Amino acid sequence: MTQSFLFSLFKVRKYLFFKSIISTCTQFTKTTFPTSTLKSGGRSWDLRSLSLSQTKSPLSVEQAFGTMAVDAISPDWEFDRFDDGSTKIHTEVQLKNYARFLEEYTSQLKGIEDALDDSIGDVWDFTLDPIALKLLPYEQSSLLELIKTDNKVLNKVITVYAALCSEVRKLKYEVTFKYCVCVPVSDSCVVEGESQVQMGRFISFFQELSCFVSRCFEVVVSIVHQLASLYNTPRTLIESSGVHFQTVYEHLGELLVVLLTLDEIMENHSTLKDHWKMYKRLLKSVHHNPGKFAIPEEKLKPFEKLLLKLEGQLLDSMIFQACVEQRFDDPGEGVSVSKNTAFAEEFALNIRNIFTNVESKIGEPSEIDQRDKYAGVCGLFVLHFHIFRTVDKKLYKALLDICKKVPAVTLTSNIIWFPDTFLMTKVPAAAKLMDKKSVQSIRAQRDTYLQQKAQTLTKDVQSYYVFVTSWMMKMEAISSKEQRNDKMSEDLSSRCNVFVQGILYAYSISTIIKTTMNLYMSMQRPMTKTSVKALCRLIELLKAVEHTFHRRSMVVADSVSHITQQLQSQALSSIGIAKKRVISDKKYSEQRLDVLSALVLAENALNGPSTKERRLVISLALSVGTQMKTFRDEELLPLQLVLKKLDLISELKERVKVQCDCSFLYWHRAVFPIYLDDVYDHAVDAARIHYMFSALRDCVPTMLYAKHMESCDQLLKSYDTEIMQVFNEHLLDKLCKEIEKDLRLSVHTHLKLDDRNPFKVGMKDLAHFFSLKPIRFFNRFIHIKAYVTHYLDKTFYNLTTVALHDWATYSEMRNLATQRYGLTMTEAHLPSQTLEQGLDVLEIMRNIHVFVSRYLYNLNNQIFIEKTSNNKHLNTINIRHIANSIRTHGTGIMNTTVNFTYQFLRKKFYIFSQFMYDEHIKSRLIKDIRFFRETKDQSDQKYPFERAEKFNRGIRKLGITPDGQSYLDQFRQLISQIGNAMGYVRMIRSGGLHCCSSAIRFVPDLEDIVNFEELVKEEGLSEETQKAASLLDSVLGDLTSNSAEGTEYFKMLVGVFAPEFRSVKNMHLRNFYMIVPPLTVNFVEHSIGCKEKLNKKNKGGAAFTDDGFAMGVAYILKLLDQYLEFDSLHWFQAVREKYMKEMSAVLKEQNVQAACQDEKLLQTMNLTQKRLDINLQEFELLHFSLSSARIFFRADKTAAEETQERKDRGHIWGYSVFHSTM
């Protein structure tokens, strides 16, 4: 509803806007030139139409305005004017300018008109039209007012039959739009429990249906009684010997078909029956325990009786049978039916008459509603048999013979009806007279029909394609052809024939589609792909007919009223001739008076709008008026043809809508994928897809009546999702991939990937899909061109971000897509890379766990070096590489990287905590702490080196890994990885500052930046310029602050983890400072070993720096607030003293051995001294690195001092904000 309203509002706004433009143009033209119409070259120019339609010939405009410009000169100075030619030149220049202006203005108006055109798609949804023309006339007078003659008895008879026929029409309308659409659509697979809920929702619907069926029964009885009353033997109301109310019998047949349709729906609806059984089982369980369900027991029995009544009346498929088996005799009212021989003969005669009309037309090109009437005839035949218990064997055989031409009749959507089965079941007495061969041949005809259809469908499609396209050309010609008063009658007759021909084509095509598809489904026969494609082509033709009528609705609306008047005039002329003939005969009798009254009544009804009620009265009146040979044979047939045309033309739009309705496709959705594959393979005809989506939309109104769900929106959504999934899978996705593949192969032709010779491998011109207008489906527009463009834009952008060096290739593919397919591609606007880009920040961030284990950190140079590589070089990452990546991806990636680092540290600290909690480690550390406290006075407050060495060796006894690493080695690696992560964060911050400083390097003085917005305001420039200046000031301010400060990521990462590390529940971490000495010993051994490998041929495991360990130790000591505890060990002083002591001892020994001149021992002493020098140097380097790392974490202050400082400053740490962003 909202969609329709918005669309209506859009059209109204469009209309008002466009009207204002045209009125402006008109006013401008009027004020410039007083005369609105000019003549030039024998042609009339209307200035108001010129701006909208005449856009081709500037010369004609000059000719049109040339004389006016000269005449506009005042005659006052005509006598002394000197003609030097300048005036003429000036006039010509002005006229040329004005002509150019008019052409440009015209093209602009045309562009606006096209842009605001309401037909966005080739085919539009009728339900969204804000204004629609309803051509069906409605009768304002009652039947009593319409049926007025001096013959009171005839008035009563006609009024009764007209009222009954009107009631039948109302019942038929009600069943079509209320009951037939509700039951079938409920065929859906649901889970246990939901089916009972759905059936519960259906109960009220079944009650309404039960009342409807009862009403139908009453109407059937009433019609039979009223018809029988006409032939009562003692006294008849009117002379009925030549009167045949065939119209009433046809309406009775229509009502029987309604009941028959309900029976077939129930019979074919297996899901409904299954759910009904489940619902009854649920009711039985409720009956055993009503208290559990809070239902009073006294209400259950009436409800069970109601269900039994509904089941017997509706679900047992006995509605029709119960109707014909009613008691029609009513002695109390004095109505005798079964014993009324005159009525029996009249009944049989009307059945034969209707059948004769049906038999001659059924299966012919001029067939229009004969199949529905055939079902009605079968119903009347069964009713006649049950009332009078007589069988017309000849008629029975003739009815069955029709089955050879028409094996089945589609009653509604997917419900198909087999006449032979119906007749044999309902008239068993006649069925016994049929031999088995005849019965088998009739049933075998169904298979024969399908086989023939499978062979002839392609030819049928070709024939109907020619017929429909030629008919569409005639419809288009009608709209462009001017009506001439002298040939008005011929023109209206021609239009009438074209309209009727369109209905006939629609009926024929619809019948082929429904019968074939439903027969295949009913008989469970597989359909070939060729048949499916042919049927889909017929569906397209059917919707083409409907949309041709809709597109030309203005012409149709204008013509229909004139055509109906012409047809009424022809009918009046025929009736007038007959009336004169009756009046001229002086032999008056009651019968002749009845005929005359009937003709007068028909004339009165024709003198007015062609409503359903008036046409019904005409039909009934002529049933009386055609007796006594009032009309000659050559007059009666044309009159019947005129009245038939009048019926068709009066209900033109309604009949077109019914015949072109494709709601049955809901049950045949399986053909849609095959259809889409065919459209994709034959892209030249891609525009036909609009018609198929229009057919699929026909299923929506039916689903709105669904009763089994709480809301029909669920059903609509599932249908929408299903259709769009199939559409994406079988067309859009295939199209996207094919276009991408074609662009790639075209760009990489130099690689000679495969043979792309179109004469060998074929060629598809997929560009036809991109010329399609958007397809409307539900509340969306499917724009194939925009969809493919978006897919390519997204794909090219994503792949360019992964491999920026391929930007040129994808740029070339974009250009090719524009040239070859007309796609308007979007530039990626990704920054290009430098030649020395380095490893991307995104890659490091995504794989930070791999990065920290494969790279080594150098603290002083801020560089990461790869540990090992299969290449002859090692990759390095420095600040410049990080700055390049930040420039590529933007500064926003910095916070994201720190976020990833935080997540990584969480995992590593969990392992760290587990190691520190281990009993072997914890017990040794507690033992060492106790030892140090007891002996620190004797050891000069220094932790003994021997104790640390003993710890390092003792850990190896706990076990080693297959590659020879102890638990302490692995713990050292863990700390190194944590330190590498912190080094990476430091590098990110430095890279960010470097990037910002590069961006702002063109600003001359960062301390004195002028305010551009104030300068622009002083100059009084436009608002846009002021806004641009404001944005420039904002950008410069951000760059200045970022380049000067940066973000303290270390402080954040300390603030996040420190409270948890220092909490009571993590007391086992308090022993960490005591494990640092053994760790340093372990680290120095490892470092010396790595450096020694640098001089070897096999350099596996060689390294010259690993400051990640020092960063990790400094970070963890800060988190635990153990700088003082660690400093209290005076560890590096103890190490220095130990090595100095050993070195002095070696020096003394060297002096002694030098006197002895023992060269071998002297060499040993030199090597020992060198080893001690290397060890001491490594310890010193580690000490310096650790001291440097501690500066980053403010090692000069304890946690308590820092807390006091924050309190003094009133400053709150930003880690809580950081933590919230995690």
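Refer to the structure presented above.
Residues numbered from 1 in each chain as written. Predicted model: local features only at pLDDT ≥ 70, side-chain atom pairs only at ≥ 80, totals over all residues. Heavy atoms only, no water.

Caption draft 1: View of the overall build of the chain. The secondary structure content of the chain amounts to 48 helices and nine strands. Across the 1222 residues that make up the chain, the buried fraction comes to 48%. Of the accessible surface of the chain, which amounts to about 63800 Å², a share of 54% is contributed by carbon and sulfur atoms. (Helix = DSSP H or I, 4+ residues; strand = E, 2+ residues; numbered from the N terminus. Buried < 20%, exposed > 50% of the residue type's maximum accessible area, 1.4 Å probe, protein only. Areas by Shrake-Rupley, 256 points an atom, 1.4 Å probe, with all protein chains shown as cover.)

Caption draft 2: Examining the sheet that holds strand 9 (residues 876-877) more closely. One open sheet holds the three strands; their spatial order is 7-8-9, and the pairing between them is antiparallel. A strand with exactly one partner marks an edge of an open sheet, and here the two such strands are strand 7 (855-858) and strand 9. For strand 8 (residues 863-866) and strand 9, the ladder comprises two bridges, and the chain directions are antiparallel. The partner of F864 across the bridge, within strand 9, is I877. The strands that helix 38 (residues 967-999) touches are strand 7, strand 8 and strand 9; relative to strand 8, the one it contacts most, it runs at about 130 degrees. (Pairing = 2+ DSSP bridges. Contact = heavy atoms within 4.5 Å. Axes fitted to C-alpha atoms, helices over the stretch in contact; angles between N-to-C directions.)

Caption draft 3: Quick peek at a nonpolar patch on the surface. Among the surface-exposed residues, Y173, F177, L704 and Y705 lie close enough to one another that they form a single nonpolar patch of about 430 Å² accessible area. Relative to the elements of secondary structure, F177 occurs in helix 6 (residues 152-179). Judged by relative accessible area, which is 36%, F177 ranks as partly exposed. (Patch = residues over 30% accessible without salt bridge, like charges linked within 9 Å, V, L, I, M, F, W, Y side chains within 5 Å. Salt bridge = Lys/Arg side-chain N within 4 Å of Asp/Glu carboxyl O.)

Caption draft 4: Examining the pairing of strand 8 more closely. Here strand 8 shows no split at all, with I863 and I865 on one side and F864 and E866 on the other all buried. Note: strand 7 against strand 8, four bridges, orientation antiparallel. Directly across from Y855, in strand 8, lies its bridge partner E866. Between the antiparallel neighbours strand 7 and strand 8 lie four residues, among them Q862 with a positive phi of about 50 degrees.

Caption draft 5: Broad picture of helix 46 (residues 1159-1192). For helix 46, with 34 residues, the first-to-last C-alpha span of 50 Å sits near the 50 Å given by 1.5 Å per residue. Turning to helix 46, its buried residues are M1165, L1172, N1175, L1176, E1178, F1179, E1180, L1182, S1185, L1186, A1189 and R1190. Looking one or two places after helix 46, you find R1194, whose phi comes out positive at around 55 degrees. (Expected span 1.5 Å × (residues − 1).)

Caption draft 6: Geometry of the environment of I893. When you line up the elements, I893 lands in helix 35 (residues 892-917). For I893, a relative accessible area of 9% gives the class buried. For the pair I893 and I988, spaced 95 residues apart in the sequence, the C-alpha separation amounts to 9.6 Å.

Caption draft 7: Structural detail: the pattern of salt bridges. Within the structure shown, the criterion is met by 47 salt bridges. K543 is paired through a salt bridge with D698; the nearest N and O atoms lie 2.5 Å apart. Of the two residues, K543 sits in helix 19 (residues 529-551) while D698 sits in the loop between helix 26 (689-697) and helix 27 (699-703), which places them 155 residues apart along the sequence. In this structure K543 comes out as buried when scored by relative accessible area, which is 1%.

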